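Examination of the molecular architecture
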Amino acid sequence: YNPSSTMMIKAGMDHRRSRSEAPEASKSETRRGTVLFADIRGFTTLSERLFPGEVADLLKNFFDQACQPIFKQGGWVVRFIGDGILALFESAAGSPPDDSARALRAASLMVLAARQFNNWLDERLPGRNLPEFAIGVGVLLEIWNIHENYILRIAALTALLIGIAISYRTAF
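Residues numbered from 1 in each chain as written. Predicted model: local features only at pLDDT ≥ 70, side-chain atom pairs only at ≥ 80, totals over all residues. Heavy atoms only, no water.

Description of unusual backbone geometry
- Here the phi dihedral of Asn129 falls at roughly 55°; this positive angle occurs in a residue that is not glycine.
- Mapping Asn129 onto the fold places it in the loop between α3 (99-124) and β6 (135-147). (Helix = DSSP H or I, 4+ residues; strand = E, 2+ residues; numbered from the N terminus.)

Structure (structure tokens):
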């Protein structure tokens, strides 16, 4: 982990930039975006029945499958939070807003991927009597103001999205 860099994952690409390489953004802008948060239901119970290497393998394989719908719908992964994924969908400037529709399509495809992931678990860990694999997905439209330079923008946006995801998750 390098605290002087930031990481964004967009369409499967790993972009790392040091603070000195970050491009400057306009001083203030209003952006529309849809936040998607997904996490594995019953993850603690599931992980207690697995060895540490199996948990890591499960997360890696699930994240690989769950991120594909996000990328295909033009979203980007802001952060992996434990067993959760925080993603953002933005509408292109000057285009009709479509971020919410793309996020909802990605959420539906992620739920289907989770259902299919049960097959992977059965093949990889047969006879373990594991709980059914399922995810919860929350989608929330949000409009925010972003100030300062690119790094502050990503840091503030990440903090904002995590706060939204936590608030949204605790509402249910």
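Observations concerning the pairing of strand β5 (residues 84-90)
- Along β5, seven of the seven residues are buried, which leaves the element largely enclosed by surrounding structure.
- Here strand β4 (residues 76-81) runs beside β5; their pairing, made up of five bridges, is antiparallel. Within β5, the position partnered with Arg79 by the bridge is Leu86.
- Where β4 folds back on β5, the antiparallel hairpin that results is connected by two residues, among which Gly82 adopts a positive phi of roughly 60°. (Buried < 20%, exposed > 50% of the residue type's maximum accessible area, 1.4 Å probe, protein only. Pairing = 2+ DSSP bridges.)

Structural notes on the side chain of Glu54
- Looking at the secondary structure, you find Glu54 in helix α2 (residues 52-72).
- Residue classification places Glu54 among the buried residues on the basis of a relative accessible area of 15%.
- Only 2.9 Å separates the side chain of Glu54 from the side chain of Arg128, close enough to count as a polar contact.
- Once residues lying within four places of it in the same chain are set aside, the contact partners of Glu54 are Leu125 and Arg128. (Polar contact = N/O pair within 3.5 Å; in protein donor to acceptor, adjacent residues only side chain to side chain. Contact = heavy atoms within 4.5 Å.)

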